Amino acid sequence: MNSPPIEMTLDGCTDNSRDAVLAVLENVNGELVVRREGTFVRPPAGQPGGGVMEIARLYNWDFGFQAGRGK
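All figures in this text were calculated on a predicted structure; none of them were measured in a lab.

Draft legend 1. Broad picture of the overall build of the chain. Counting secondary structure elements, the chain contains one helix and two strands. In sequence order, the secondary structure elements of the chain are arranged as β-β-α. A compact globule built from 71 residues should have a C-alpha radius of gyration of about 11 Å, whereas the chain, at 15 Å, is more than 25% larger. Each principal axis of the C-alpha distribution contributes one length, and for the chain these read about 45 × 30 × 20 Å. Going through the 71 residues of the chain one by one, you find that 15% of them count as buried. Long-range contacts, defined here as pairs at least 24 residues apart, represent 32% of the contacts in the chain between residues at least 6 apart. Roughly 6,200 Å² of accessible area belongs to the chain as shown, and the carbon and sulfur atoms make up 50% of that amount. Averaging the positions of the 7 positive and the 9 negative side-chain charges in the chain gives two centres separated by 10 Å.

Draft legend 2. Up close: the side chain of Ser17. Mapped onto the secondary structure, Ser17 falls in the segment before strand E1 (19-28). Owing to a relative accessible area of 13%, Ser17 belongs among the buried residues under this scheme. One polar contact links Ser17 to Asp15, side chain to side chain, over a distance of 2.5 Å. With residues near it in sequence (within four places) discarded, Ser17 still touches Phe40, Val41 and Arg42.

Draft legend 3. Focus on the environment of Pro4. Considering the arrangement of structural elements, one finds Pro4 in the segment before E1. With 52 residues separating them along the chain, Pro4 and Ala56 place their C-alpha atoms 28 Å apart.

Procedures and definitions
- Residues numbered from 1 in each chain as written.
- Predicted model: local features only at pLDDT ≥ 70, side-chain atom pairs only at ≥ 80, totals over all residues.
- Heavy atoms only, no water.
- Helix = DSSP H or I, 4+ residues; strand = E, 2+ residues; numbered from the N terminus.
- Rg over C-alpha atoms; globule rule 2.2 N^0.38 Å.
- Buried < 20%, exposed > 50% of the residue type's maximum accessible area, 1.4 Å probe, protein only.
- Contact = heavy atoms within 4.5 Å.
- Areas by Shrake-Rupley, 256 points an atom, 1.4 Å probe, with all protein chains shown as cover.
- Lys, Arg positive; Asp, Glu negative; His and termini not counted.
- Charge placed at Lys NZ, Arg CZ, Asp CG, Glu CD.
- Polar contact = N/O pair within 3.5 Å; in protein donor to acceptor, adjacent residues only side chain to side chain.

Structural data, given as structure tokens:
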């Protein structure tokens, strides 16, 4: 509380990254800790829409991705 707002810009990307991790929220001993990241993530080769899945892999986040039926 009473902390300044977190402001970030997304103008530092130097490659074809389409996804970014702005911050990581963690529960540390019952306290909410916000860690600024500002990391751009490239999708795996041959998977142009796979940036979010790559973020999940890099940060060990389980988003519960499942194959869909498609359109």
